[in-house]
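What follows is the residue order along each chain.
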Amino acid sequence: MDELLSPGEQDAYRLLVRLGAADAAGLAESAEVPADEAGTLLTALHAKGLVSAGPVFRPLAPDVALGDALLRRQEVLDDARRTVAALSEDFRRHSRRRDADRLVEVIVGRDALRGRLREMQEGARKEILWFCRANPLAMPGPENTEEDTALARGVRYRAIYERALLEIPGELPSILESMTAGEEARSLPTLPVRLAIADGELAICPLVPDEARDLGEPTAALIRSSELLDALVALFESFWERATPLRADGHPAEDLGEADVLLLSLVVSGLPDKSIATHLGVSKRTVQRRLDRLMALAGVDTRTGLAFQAARRGWLAAPADRPVSPAGRRG
């Protein structure tokens, strides 16, 4: 785009402003330039509306003279911006189609999958989300040492555990250890898929259903930022909202100790008494006796009523979310 004024025209205009008025000879003498060059400059300034007609030229206000030119240039710039925006969108649209394979990468093999899960956690800055189903494909809970490191540096972990996983020997102690380190854990009877998401930017999701997992090496999709990833995040959040919290810390307002809260969370999660007794290292009769005490404390006589009162009183809510009483880590 051409300049509004050339450097010579700017100098000539400024000099004429100081002089007040001048003909070509006077301007040439003051500017120490040849007379014909001074005449050319004055003619150009007159054509742009910055000086009056000669032979004696007087300066005119530049905002009036150049306003229309600036407006026209602004319109040209706006048109250029719209053109660039349209071209950029066209480029992105076709690039997404051409480079769709970069959004989803297939990972083959247990070792490769384990390595990617570790890299995901090591690179996480804000949050890790887990769908933890029974029989992990690549990384059982006790092997996931990266979670402790990530929790220690401030990464938030939210995990939903399938009920069957809680019944596997050795899993519940590992989960409780993660919860002690800061993991937020919940449980559901079943989960649709295994899933790990880091910072809402990267996800790993197995591609082969459980019934076909023994037919070859496990395979998973590594999914980068896309509408598919947004859908997986939304899927996790919808399941998180209806999952039952797992808690192991006490509730002083109702005189509930850690053992009571843990027992209550396992009962509400749907674990049978025998499995709960095994995990807690007590007899089935002891589990039933503790439940009787909790039902008496809640003023109910059924487990369904106990679950309702636990939710109403916030016995399984995080401490910051508890209302006032009315009376990890898998791959």
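Just above, that's the structure.
On a predicted model such as this, the values are computed, not experimentally measured, just so you know. (Residues numbered from 1 in each chain as written. Predicted model: local features only at pLDDT ≥ 70, side-chain atom pairs only at ≥ 80, totals over all residues. Heavy atoms only, no water.)

### Regarding helix H10 (residues 258-269)
Then, in step 1: For H10, built from 12 residues, the straight-helix expectation of 16 Å at 1.5 Å per residue is met to within 8% by its first-to-last C-alpha distance of 16 Å.
Then, in step 2: Counting buried positions along H10 yields nine of 12 residues, so the element is predominantly enclosed.
Then, in step 3: Of the positions making up H10, those classed as buried are Asp 260, Val 261, Leu 262, Leu 263, Leu 264, Ser 265, Leu 266, Val 267 and Ser 269.
Then, in step 4: Positioned one or two residues after H10, Gly 270 has a phi angle of 100 degrees, which is positive. (Helix = DSSP H or I, 4+ residues; strand = E, 2+ residues; numbered from the N terminus. Expected span 1.5 Å × (residues − 1). Buried < 20%, exposed > 50% of the residue type's maximum accessible area, 1.4 Å probe, protein only.)

### Describing the environment of Ser 226
Then, in step 1: Structurally, Ser 226 is set in the loop between strand E7 (219-224) and helix H9 (227-242).
Then, in step 2: On the basis of relative accessibility, which here comes to 18%, the residue Ser 226 falls in the buried class.

### Brief notes about the nonpolar core
Then, in step 1: In this structure, Ile 128, Trp 130, Tyr 161 and Leu 306 are the most contacted members of the largest nonpolar core, which totals 46 residues.
Then, in step 2: In terms of nonpolar packing, the next biggest core, distinct from the first, is built from 17 residues, Leu 188, Leu 195, Ile 223 and Ala 243 among them. (Core = buried A, V, L, I, M, F, W, Y, C linked by side-chain atoms within 4.5 Å.)

### Some words on unusual backbone geometry
Then, in step 1: Positive phi values are uncommon outside glycine, yet Asp 199 reaches one of about 55 degrees.
Then, in step 2: Position of Asp 199 among the secondary structure elements: in the loop between strand E5 (195-198) and strand E6 (202-206).

### Brief notes about the pattern of salt bridges
Then, in step 1: Taken as a whole and assessed by the stated rule, the structure comprises 15 salt bridges.
Then, in step 2: A salt bridge links Glu 105 to Arg 116; the shortest N-O distance between them is 2.7 Å. Placement of the pair is Glu 105 in strand E1 (residues 104-108) and Arg 116 in helix H5 (residues 110-123), with a sequence separation of 11 residues.
Then, in step 3: On the basis of relative accessible area, Arg 116 is assigned to the partly exposed category, the value being 23%.
Then, in step 4: We note a salt bridge from Glu 184 to Arg 156, for which the minimum N-O separation is 2.7 Å. Of this pair, Glu 184 sits in strand E4 (residues 184-188) while Arg 156 sits in strand E3 (residues 156-162), placing them 28 residues apart in sequence.
Then, in step 5: Glu 184 sits in the partly exposed class, given a relative accessible area of 29%.
Then, in step 6: In this structure, a network of salt bridges that share partners links the residues Glu 127, Arg 156, Arg 158, Glu 184 and Glu 237. (Salt bridge = Lys/Arg side-chain N within 4 Å of Asp/Glu carboxyl O.)

### Re the side chain of Ser 187
Then, in step 1: Positionally, Ser 187 belongs in strand E4.
Then, in step 2: Residue classification places Ser 187 among the buried residues on the basis of a relative accessible area of 1%.
Then, in step 3: Within the structure, Ser 187 has its side chain in polar contact with the backbone oxygen of Tyr 161 (distance 3.2 Å).
Then, in step 4: Beyond its immediate chain neighbours, meaning those up to four positions away, Ser 187 contacts Ile 160, Tyr 161, Arg 163, Leu 166, Ala 243, Thr 244, Leu 246 and Ser 269. (Polar contact = N/O pair within 3.5 Å; in protein donor to acceptor, adjacent residues only side chain to side chain. Contact = heavy atoms within 4.5 Å.)

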